[in-house]
Amino acid sequence: METVFFKGTPCHTYGNIPAAGSTAPCFKLVSKDLADISCKDYDGKRIVLNVFPSLDTPVCAASVRRFNVEASNLDNTAVICVSMDLPFAMSRFCTAEGIENVTAASAFRSPEFAQQYGLQLIDGPLAGLLARAVIVMDENHKVIFSDLVEEITNEPDYEGAISVLR
């Protein structure tokens, strides 16, 4: 269990975020067009998981926009933006914002993702949603960067995540 904060209020997660050096669990998520997305779809590629509570908040939307820009400069790297938002909402957001370089993915059908990655908030105002985190994996799904953002209303460490990919 990890402790994060939402506007200063302590919130706890189910389990722990994968640490650098560990092998990330395989994930199964849902794309904005309702197709399944699996870690196996990205074999041989580096993966950035940009995880957040909801696209309907300014900080979450900002992180997707930022990674959309950064992703266009990264070789052999897939950026997957993950929340509990429904795929329909993700599709609307990506279309309206011109988001084309990242994959929007929903964990709404995948409680095991939230639990295996230690990111499901189990209490506090956002209980049931995902905590804010960035997890970067190499081509073999080994975690090379892991950042659980302590205050959910803050943006993640973009530079830290991107620097391990350069």
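Before any of the text, the structure's been laid out above.
Analysis parameters
- Residues numbered from 1 in each chain as written.
- Predicted model: local features only at pLDDT ≥ 70, side-chain atom pairs only at ≥ 80, totals over all residues.
- Heavy atoms only, no water.
- Core = buried A, V, L, I, M, F, W, Y, C linked by side-chain atoms within 4.5 Å.
- Buried < 20%, exposed > 50% of the residue type's maximum accessible area, 1.4 Å probe, protein only.
- Helix = DSSP H or I, 4+ residues; strand = E, 2+ residues; numbered from the N terminus.
- Contact = heavy atoms within 4.5 Å.
- Pairing = 2+ DSSP bridges.
- Phe/Tyr/Trp six-rings, centres within 6.5 Å; stacked < 30°, edge-to-face > 60°.

**Description of the nonpolar core**
One finds Phe27, Leu49, Val82, Phe113 and Leu119 to be the most contacted residues of the largest nonpolar core, which totals 32 residues. Secondary structure elements with two or more residues in this core: β1 (3-6), β5 (46-51), β6 (77-83), α3 (111-116), β8 (133-137) and β9 (143-148). When neighbours within four sequence positions are excluded, Phe27 is seen to be in contact with Ile37, Ser38, Cys39, Tyr42, Ile47, Leu49, Ile80, Phe113, Tyr117 and Met137. Residues Val48, Val64, Phe67 and Ala161 belong to the second largest nonpolar core, which totals 24 residues.

**Examining the pairing of β9**
With 5 bridges connecting them, β8 and β9 associate as antiparallel partners. In the sheet register, Ile135 faces β9, and the bridge partner there is Ser146.

**Some words on the packing of aromatic side chains**
In total, this model carries 2 aromatic pairs according to the counting rule given. Between Phe67 and Tyr158, the aromatic rings sit 5.4 Å apart at their centres with planes inclined by 65 degrees, giving edge-to-face as the arrangement. In this pair, Phe67 sits in helix α1 (residues 58-71) while Tyr158 sits in helix α4 (residues 158-163), placing the two residues 91 residues apart along the sequence. The pair Phe67 / Tyr158 is uniform in exposure class, with both members buried.

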